[in-house]
Amino acid sequence: MKTKKQSKAFGVLQRVGRAFMLPIAILPIAGLLLGVGSSFTNPATLESLGLSSVIYEGSILHTLLSLMANVGSAVFDNLALLFAVGVAIGMAKKEKEVAALAAVVSFLIMNTAISALIFARGGVDALPPNTTTVSLGITTLQTGVFGGIIVGLGVAYLHNRFYKIRLPQVISFFGGTRFVPIISALAYTLVGVLIFFVWPPIQRGISSLGQLVLESGYAGTWIYGIIERALIPFGLHHVFYVPFWQTELGGTAIIGSQVVQGAQNIFFAELAAGVDKFSVSATRFMSGKFPFMIFGLPAAAYAMYRAAKPEKRRAVGGLLLSAALTSALTGITEPIEFTFLFVAPLMYGIHCVLAGLSYMLMHILEVGVGMTFSGGLIDLTLFGVLQGNDRTNWVRIILVGIVYAVVYFLLFYLLIRKLGLKTPGREEDGEESRLYSRADYESARRGGNKGGKGGRGAHDFAVSALILSGLGGLDNLRELDCCATRLRVTVNDSSHISEASLRQSGASGVITSGNGVQVIYGPSVSVIKSALEDYIDAGAPPLGEAEDSENENVSPETDGKSQVMSGGATETLLLSPLGGTLVPLDKVGDEAFAIGALGEGIAIEPETDTLMSPCDGTVGVLFDTRHAVTVRTDTGLEILMHIGIDTVRLKGEGFSALVKPGQRVRAGDALIKFDLEKLKRSGYSATTPLTVTSEKGEIEVKTVRGGAVTVGQEILKVKTVN
Amino acid sequence: MRSFSYTVKDEVGIHARPAGLIAKKAKEYESAVTIEKDGRAVKATGLVAIMGLAVKKGDTVTVRVEGRDEDEAADALERLLREIL
């Protein structure tokens, strides 16, 4: 029970973390524009570089650079709105564009409601200083990115709950997705009122907590660093560091005449204002990344390379080098961290402690280098080197970094060898290793080429086929998304996951928790995701000779058809006629079904409203009340589907037949459409039993799965013995 | 051979559930059981076949039982029909 709860919480947090990635993804480019633009319009920088005569106010170059700085700054100034929309899109299950619109409406309305109350209560002057701001022209309470996140999460919740709502006929125009902005607008009027009363005490609380963090000094910085690293394996680090970077928790500063909150915002405001020295109290939540991302982790990669068996070094070299380069250049560390996290968790623990220490050292050494996204060479150059050592002390990063490189190399090299850790290239012979998988991957690629699709497309198809089979096939997929480095997937049954296949497809790690699966690929994941989606849209064609085992998972050839086996026996796979949750027959609350009077089978608690044929066959009986139907297979099985319990009493109201008795149907053809909401509203159970009988002798019915099910998944296997 | 006729009083006729109960009862006996409406007879062991008769309120069905245990079977089925229909 507890673990179920935990994995549900993990699933939600995973989606929150994923939703944050969308607005966060724009920060590197905005930061680049702001960084370059404001660096080269800053008089101090220009002076020190001797460019004052080339770039001066009024010159074309200066105007262009100011434009870049302002454009980048626009993103940082409106982050709350971006988070509101981004989180709503990320968390919405379907019809995401509606959630986005509702988020914009809600954000405006919430702030306007707050604004109205501020002015009704004596205006801005009646509130403590620094607690208000102007957002999109609306004077409101300073809620920072939190305000945006509150809107995003709440709107997504309302959206997922109401986007399919049916309203009474007269006002049905406002039903469905149109209802979402309406209910969100109403809800956020109330939220605005609520925030007006609740937020000021929280503001005081957060600032005192921020104060505590700020006052806990170097130890506080160390702990911040450890926690931030330790959350990476769970993909939850965004949830933790974003408040420090973007809200009061990371500090409040007055720069120029502006009140700025959050470590990253402070840094960029200082960058724009051109301060003499960057506030270390803000950059201490950032600068610590540089030493271990540019120096430590690449050194660890080199240690793993040296520790690999000589004959395998060449093969693991490419992997380790690209992972090390990604970390050093962009500060995206997952590719390298996940090569040792799973095989040597101890090393990851040590890495966390050292990373925390790096933050603390940067704090002690007063290094004031900020970043847009993470601590790679690009950010170090833009926000350290280009800003000058006087303002940032960036040279100290290099000095600490060199020490870090040595420490990481020695610790990794010695511990891997002493403890016999199985980092890449150290697997026992005969053990499934990544080197072998790479070869498989190559052969899959060549196989794809033979298929005549050629080049890149065939390669992608092969990889996608591997991924899909690793995830348990198309039937097992429920949701597919990605963040900067991972494919984030929700599956129906995580026991169908094949880690070996996923690793063959190039993944450096797989994390499974409940129905949530994260597959780590590194920065190229968005391309992998798109290719996978294309592959799925193309109907997940089997790869032919390249991956024979694929056919079982991907091809629907055998589904819904009867296979004649030796000895005259037949076997039929029945597909789920509805999406929803599978329930055993004895739990449907109907005596006749429970005792098996209507045959053996299973029931579905439906979430979809069209009953599909579970197999190829002929429509047998279709009552004029249209609540039940039978399909007869050519092998003599009678499949009865009964929509809801006791629904014969509805006399056909809300049910419409899409087929006639005697009509041939194929597996997946629509049989009956019904009004699920109405059925539930009338107080009937919608549980739909599916039972099998045969007049041609004994049958054996086996359930193939339980729990959640989507339309067309295999649910029963029926054997006849003649 | 034993036979009896019965006029259905149940509001919704012989739908899935009663059909299932009849078929289950018919299978408990060795005797061959048929059920007939308007000159169309089907085996009473076939759930779907019974449903296919589309028996409604006010329709009269005739049940015929033939075999070693026809007496018990006919009595049991008649009781069942009275009870559920």
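The text that follows walks through the structure, step by step, so that each part is easy to find. Because the structure is a prediction, the values reported are computed rather than measured.

1. Here's the deal with the overall build of chain B
Stage number 1. Secondary structure summary: chain B contains 3 helices and 4 strands in total.
Stage number 2. Going residue by residue from the N terminus, the α and β elements of chain B occur as β-α-β-β-α-β-α.
Stage number 3. When each of the 85 residues of chain B is scored for burial, the buried share is 41%.
Stage number 4. For chain B, contacts bridging at least 24 residues in sequence account for 71% of all contacts bridging at least 6.

2. So, the overall build of chain A
Stage number 1. Across its full length, chain A carries 26 helices and 23 strands.
Stage number 2. Residues counted as buried form 50% of the 722 residues belonging to chain A.
Stage number 3. Within chain A, residue pairs in contact and separated by at least 24 positions form 71% of the contacts whose partners lie at least 6 positions apart.

3. What about the environment of Phe-409 of chain A?
All names here are of chain A.
Stage number 1. Of note, Phe-409 is situated in helix α19 (residues 395-419).
Stage number 2. Of the residues examined, Phe-409 has 20 C-beta atoms within 10 Å and is grouped as buried.
Stage number 3. Taking C-alpha positions, Phe-409 is 5.1 Å from Ala-299, a pair spaced 110 residues apart along the chain.
Stage number 4. Once you skip the residues sitting within four places of it in the chain, Phe-409 turns out to touch Ala-299, Tyr-302 and Ala-303.

4. Regarding the sheet that holds strand β4 (residues 60-66) of chain B
Residue and element names in this part refer to chain B.
Stage number 1. Read from one edge to the other, the open sheet built from 4 strands follows the order β1-β4-β2-β3, with strand pairing classed as antiparallel. Both outer strands of the open sheet, β1 (2-7) and β3 (40-43), are each paired with one neighbouring strand and no more. Ignoring strand direction, the axes of neighbouring strands in this sheet form an average angle of 25 degrees.
Stage number 2. With 5 bridges joining them, strand β2 (residues 32-37) and β4 adopt antiparallel strand pairing. Bridged to Ile-35 within β4 is Val-63.

5. Concerning the interface of chain B and chain A
Stage number 1. In this assembly, 12 residues from chain B lie in contact with 16 residues from chain A.
Stage number 2. Every element with two or more residues in the side of chain B that touches chain A is listed here: α1 (16-27) and α2 (47-52) of chain B.
Stage number 3. A total of 5 residues in the side of chain B that touches chain A trace back to one element, the largest contributor, which is α1 of chain B.

6. Observations concerning the packing of helix α13 (residues 289-307) of chain A against α19 of chain A
Residues and elements named next belong to chain A.
Stage number 1. Contact geometry of α13 with α19 gives a least axis separation of 7 Å together with a crossing angle of 30 degrees. Between α13 and α19, the crossing angle belongs to the class labelled roughly parallel. Classified by chirality, the crossing of α19 by α13 is right-handed.
Stage number 2. Tallied by class, the residues present in the contact of α13 with α19 amount to 21 nonpolar, 2 polar and 2 charged.

7. Topic: the nonpolar core
Stage number 1. Ala-84, Ala-88, Ala-99 and Met-304 of chain A are the most contacted members of the largest nonpolar core, which totals 143 residues.
Stage number 2. Ranked by the residues each element gives to this core, the list is headed by α13 of chain A, at 13 residues.
Stage number 3. In terms of nonpolar packing, the next biggest core, distinct from the first, is built from 71 residues, Val-631, Ile-672 and Val-709 of chain A together with Ala-26 of chain B among them.

8. Regarding the packing of helix α14 (residues 310-330) of chain A against helix α15 (residues 334-341) of chain A
All names here are of chain A.
Stage number 1. Remark: α14 packs on α15, axes separated minimally by 7 Å, with the N-to-C direction vectors making an angle of 130 degrees. By the angle between their directions, the pair α14 and α15 is classed as oblique. Contact residues: α14 offers Ala-323, Ala-324, Thr-326 and Ser-327, while α15 offers Pro-335, Ile-336 and Thr-339.
Stage number 2. For the contact of α14 with α15, the per-class residue count stands at 4 nonpolar, 3 polar and no charged.

9. What about the environment of Leu-361 of chain A?
All names here are of chain A.
Stage number 1. Among the secondary structure elements, Leu-361 is positioned in helix α16 (residues 345-364).
Stage number 2. By C-beta crowding, Leu-361 is classed as buried, having 22 other C-beta atoms within 10 Å.
Stage number 3. The spatial distance from the C-alpha of Leu-361 to the C-alpha of Arg-396 is 9.7 Å, given a sequence separation of 35 residues.

10. Considering α13 of chain A
Residue and element names in this part refer to chain A.
Stage number 1. In a regular helix each residue adds 1.5 Å, so 19 residues correspond to 27 Å; α13 covers 25 Å between its end C-alpha atoms and thus fits that length.
Stage number 2. A bend of about 30 degrees at Gly-296 is the largest found in α13, and the proline Pro-298 appears one to four places after it.
Stage number 3. Counting buried positions along α13 gives 17 out of 19 residues, so the element sits mostly inside the fold.

Thresholds, definitions, all that
- Residues numbered from 1 in each chain as written.
- Chains lettered and ligands numbered in written order.
- Predicted model: local features only at pLDDT ≥ 70, side-chain atom pairs only at ≥ 80, totals over all residues.
- Helix = DSSP H or I, 4+ residues; strand = E, 2+ residues; numbered from the N terminus.
- Buried ≥ 20, exposed ≤ 12 C-beta atoms within 10 Å, placed from the backbone.
- Contact = placed C-beta atoms within 7 Å.
- Pairing = 2+ DSSP bridges.
- Axes fitted to C-alpha atoms, helices over the stretch in contact; angles between N-to-C directions.
- Parallel < 35°, antiparallel > 145°, perpendicular 65-115°, else oblique.
- Left-handed = near helix turned anticlockwise from the far one by under 90°.
- Nonpolar A, V, L, I, M, F, W, Y, C, P; charged D, E, K, R; others polar.
- Core = buried A, V, L, I, M, F, W, Y, C linked by C-beta atoms within 7 Å.
- Expected span 1.5 Å × (residues − 1).
- Bend = angle between axes of the 7 residues up to and from the residue.

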